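Breakdown of the fold
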Amino acid sequence: MSLTALKTTYRLRSLCRLQRIQGHMMSSHVEPEVLLEKVGRAGVITLNRPKVLNALNLTMIRQIYPQLRKWENDNDTDIVIIKGDGGKAFCAGGDIRAVTEAGKVGDSLAQDFFREEYILNDAIGSCRKPYIALIDGITMGGGVGLSVHGRFRVATEKTLFAMPETAIGLFPDVGGGYFLPRLRGRLGLFLALTGFRLKGRDVHRAGVATHFVESKKIPDMEKELVDLTSPSPEDISRVLDTYQTKSSLDSEKPFVLDKHMSDIDRLFSSGSVEGIMQNLKADDSEFAKKQSETLSKMSPTSLKITYKQLQAGASLSLRDVLVMEYRLCQACMRGCDFYEGVRAVLVDRDQNPRWSPSTLEEVSEQRVQQCFSSLGERDLTF
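Residues numbered from 1 in each chain as written. Predicted model: local features only at pLDDT ≥ 70, side-chain atom pairs only at ≥ 80, totals over all residues. Heavy atoms only, no water.

Per an unreviewed UniProt entry, the protein chain is named 3-hydroxyisobutyryl-CoA hydrolase, and its organism is Scophthalmus maximus. Under the heading Function (unreviewed entry), UniProt records this for the protein chain: "Hydrolyzes 3-hydroxyisobutyryl-CoA (HIBYL-CoA), a saline catabolite. Has high activity toward isobutyryl-CoA. Could be an isobutyryl-CoA dehydrogenase that functions in valine catabolism. Also hydrolyzes 3-hydroxypropanoyl-CoA." Looking at the Sequence similarities (unreviewed entry) heading of the UniProt record, one finds this comment for the protein chain: "Belongs to the enoyl-CoA hydratase/isomerase family." (UniProt positions renumbered as here; feature names shortened; annotations may be inferred.)

**Brief notes about the sheet that holds strand β5 (residues 131-135)**
Strands sit in the order β1-β2-β3-β5-β7-β10 across an open sheet of six strands; the sheet is mixed. With one partner strand each, in any of the chains shown, β1 (34-39) and β10 (211-212) form the two edges of the open sheet. Of the strand pairs in this sheet, strand β3 (residues 79-84) and β5 are connected by three bridges, and their pairing is parallel. Within β5, the position partnered with I81 by the bridge is I132. (Pairing = 2+ DSSP bridges. Helix = DSSP H or I, 4+ residues; strand = E, 2+ residues; numbered from the N terminus.)

**Some points on the pairing of strand β7 (residues 152-155)**
The alternating pattern of β7 places F152 and V154 on one face and R153 and A155 on the opposite face, and all of these are buried. Of the strand pairs in this sheet, β7 and β10 are connected by two bridges, and their pairing is parallel. Note that in β10 the partner of V154 across the bridge is H211. (Buried < 20%, exposed > 50% of the residue type's maximum accessible area, 1.4 Å probe, protein only.)

**Describing the pattern of salt bridges**
Within the structure shown, the criterion is met by 22 salt bridges. Here K83 and E222 are joined by a salt bridge, their closest N and O atoms 2.9 Å apart. With K83 in strand β3 and E222 in helix α9 (residues 218-226), this residue pair connects regions lying 139 residues apart in the sequence. Using a relative accessible area of 13% as the deciding quantity, one classes E222 as buried. Its salt-bridge partner being R343, residue D348 comes within 3.0 Å of it at the nearest N-O pair. Beyond isolated ion pairs, a larger network of salt bridges with shared partners links E340, R343, D348 and D350. (Salt bridge = Lys/Arg side-chain N within 4 Å of Asp/Glu carboxyl O.)

**Describing the UniProt feature "domain: Enoyl-CoA hydratase/isomerase" (unreviewed entry) in the protein chain**
According to UniProt, the feature "domain: Enoyl-CoA hydratase/isomerase" (unreviewed entry) maps to residues 43-372 in the numbering used here. Overall, residues 43-372 shows 50% helix and 10% strand. The separation of its end C-alpha atoms is 37 Å.

**Examining the packing of aromatic side chains**
Enumeration over the complete set of coordinates arrives at eight aromatic pairs. On the numbers, 6.3 Å between centres and 75° between planes, the contact of F161 with F179 is edge-to-face. Of this pair, F161 sits in strand β8 (residues 160-162) while F179 sits in helix α6 (residues 176-179); the two residues are 18 residues apart in sequence, bridging distant segments of the chain. Pair check on accessibility: F161 and F179 agree, each one buried. A connected cluster of aromatic rings, assembled from ring pairs, spans F113, F114, Y118 and Y326. Taking the ring centre of Y243 as reference, the NZ or CZ of K246 above it sits at 4.5 Å. Lying over the aromatic face of F372, K308 brings its terminal NZ or CZ to 5.7 Å of the ring centre. (Phe/Tyr/Trp six-rings, centres within 6.5 Å; stacked < 30°, edge-to-face > 60°. Lys NZ or Arg CZ within 6 Å of the ring centre and 35° of its normal.)

**Focus on the side chain of T194**
Within the secondary structure layout, T194 lies in helix α7 (residues 187-194). At 2.6 Å, the side chain of T194 forms a polar contact with the backbone oxygen of F190. Side-chain polar atoms of T194 contact the backbone nitrogen of F196, separated by 3.2 Å. Contact partners of T194, with chain neighbours within four places excluded, come to F268, Q291, T294, L295 and M298. (Polar contact = N/O pair within 3.5 Å; in protein donor to acceptor, adjacent residues only side chain to side chain. Contact = heavy atoms within 4.5 Å.)

**Things to note about the side chain of D379**
Note on placement: D379 falls in the segment after α17 (365-371). Residue D379 is classed as buried on the basis of its relative accessible area of 11%. Polar contacts involving the side chain of D379 include one to the side chain of R327, which spans 2.8 Å.

Written as structure tokens, this is what we have:
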């Protein structure tokens with residue numbers, strides 16, 4: 001079979017898979033994917049896809065964004081609360097498989113999903129009404145974007161937070177370039193490059209969540225928030241602080257990375273990813289060896305993009321970071337590591353991605369810089 005014929009076959013297969021995914025999305029959702037309710041003077045958003053851990057898709061984004069804007073300008077709405085249904089996840093990420101299939105065949109979903117998701121992330125970050133995210137369960141990728149830019153983020157013992165994108169040939173997007181470098185020391189860079197998972201109270205200790213409240217107390221806390229009359233941010237803080245004080249679960253345990261923070265600051269302080277790898281390999285500790293092994297499995301291109309993303313994002317506004325990240329995600333759509341990463345981790349699940357280039361040394365500075373280049377009229381605008 002000729003190369004042209006092979007490419008045509010590949011595109012047709014991808015198009016068929018995309019149509020199956022979209023057809024399934026349309027036919028199997030009897031229940032609404034997002035519940036948008038007014039409860040007293042609160043606007044309540046409930047992500048309602050528990051069978052897929054409330055994964056975020058374009059339909060959901062297109063429902064949440066206009067409603068958030070409406071509540072923000074509505075005199076009868078004082079606060080916005082967002083939560084996930086099902087007890088397992090707040091939101092485990094975006095609908096990456098659909099985006100992958102779209103990217104392969106040039107379907108506009110590969111642009112539309114990221115563009116509209118980032119515009120929603122910006123709306124959350126700039127929302128004039130107090131925005132309270134109840135991240136009770138798995139919170140990754142797109143779920144981080146729906147929560148971390150809000151004024152209040154409440155973690156529970158069920159919270160599992162991670163930005164594992166370098167393992168699938170992507171980078172910690174949805175504004176990761178804004179909030180990660182603003183965590184203490186080099187913690188944000190460590191989380192971004194390694195995809196390290198934070199659990200429960202540690203999500204608050206790391207600075208990702210503003211509060212920690214035991215999961216069983218969340219319904220009472222939510223009712224108290226909804227019952228507030230014309231609350232100020234200080235009123236909301238008092239309620240959250242009160243429930244946090246009542247939540248003693250795991251309070252005696254130290255922060256999981258406490259004993260490693262000085263190591264993280266030392267080992268991850270370098271002018272390049274290669275330098276970080278050299279630091280890790282030169283260190284004899286088990287912690288350093290483990291991080292070296294972890295990074296060696298990640299996409300070399302993703303690691304270098306992520307390093308530069310956080311370096312730049314440290315001095316940019318959230319909106320400017322999102323413009324930068326839109327350029328980066330479209331560069332990933334044009335490359336090959338994203339598709340290979342999704343195949344290895346989410347589709348075939350062989351956990352054996354074949355990255356191209358396969359080493360950090362082969363990823364040139366010019367190649368990385370091109371990913372940050374303007375898209376001209378296709379750039380993200382607000």
